[in-house]
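Observations on the model geometry
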Amino acid sequence: MEIGHGTVPRLTYGANIGLSWNNFDFSVLFQGVGNNYVYYNNQAFRFVTVMGQSLIKDITDNAWTPENPYNSKYPILRNNANGKNNIASNVFVHNAAYFRCKNIQLGYTVPNKITKKFFVENLKIYTSIDNLFTITGFPGLDPEVWANVGYPTVRQYSVGLNVSF
């Protein structure tokens, strides 16, 4: 049985909003995807706890146990390799839809009457934040790199100057 529609989301969207007032400017960039069901293969090989490997919390909390045989989402955890835990299943299909704030920036452009005293044509002071938040139900580290082990998206804070002479 075919599940999903391949590796391309059905909906991709984004919005870039910019505002300015006096010498201040503000911009924000949102982006995301919708209706994106993917086979999260990271989980297919993470039910084995050998050689110090770690498991993600979703797996440890929802794996089959004799005490909880009916409400489990994942197979039994094992301490050795077992091909039964690597069988493809629709239990590994997750919705990788997300909504992310990619960037927020706030800036101030110093008036020309001040910058001309220092032989500067334009001076802008700004601060920005990249990857402020992501809203998703995806259990992995980052819904944009769903098929890889990868790393979570890094939140980055910046302060800067744009100077034109």
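That block above? That's the structure.
So, here is what we can say about the structure in this document. (Residues numbered from 1 in each chain as written. Predicted model: local features only at pLDDT ≥ 70, side-chain atom pairs only at ≥ 80, totals over all residues. Heavy atoms only, no water.)

1. So, the pattern of salt bridges
We count it as follows: The working definition used for a salt bridge is a side-chain nitrogen of Lys or Arg within 4 Å of a carboxyl oxygen of Asp or Glu. In this text, helices come from DSSP runs of H or I with a minimum length of four residues, and strands from runs of E with a minimum of two, each type numbered from the N-terminal end. The cut-offs for exposure are 20% and 50% of the maximum accessible area for each residue type, with area from a 1.4 Å probe on protein chains only; residues under the lower value are buried, those over the upper are exposed, and the others partly exposed.
On inspection of all chains with the given rule, the structure shows 4 salt bridges. Of the charged contacts, one joins Asp142 and Arg100 as a salt bridge, the two residues approaching to 2.9 Å between their closest N and O atoms. With Asp142 in the loop between β6 (122–136) and β7 (156–164) and Arg100 in strand β5 (residues 98–109), this pair connects stretches of sequence that are 42 residues apart. Per residue, the accessibility class of Asp142 equals that of Arg100, and both read buried. Residues participating in the shared-partner salt-bridge network are Arg100, Lys102, Asp142 and Glu144.

2. Here's the deal with the environment of Asn23
Quick note on the threshold: We call two residues in contact when some of their heavy atoms are within 4.5 Å.
When you line up the elements, Asn23 lands in the loop between β1 (11–21) and β2 (24–34). In this structure the C-alpha to C-alpha distance between Asn23 and Pro111, which are 88 residues apart in sequence, comes to 7.4 Å. Excluding residues that lie within four positions of it along the chain, Asn23 makes contacts with Gly107, Tyr108, Thr109 and Pro111.

3. Considering the sheet that holds β6
Just so we agree on the cut-off: A pair of strands counts as paired when DSSP detects no fewer than two bridges linking them. Only the stretch in contact is used when fitting a helix axis, every axis being a line fitted to C-alpha atoms; angles between N-to-C directions are given from 0 to 180 degrees.
If you trace the 5 strands from one edge of the open sheet to the other, you get β1-β2-β5-β6-β7, paired in antiparallel fashion. Of all the strands in the sheet, just β1 and β7 have a single pairing partner and so form its edges. Averaged over all pairs of adjacent strands, the angle between their axes in this sheet comes to 15 degrees, without regard to strand direction. Sheet topology places β5 next to β6; 11 bridges connect them, and they run antiparallel. From the neighbouring strand, Phe99 faces β6, where its bridge partner is Ile135.

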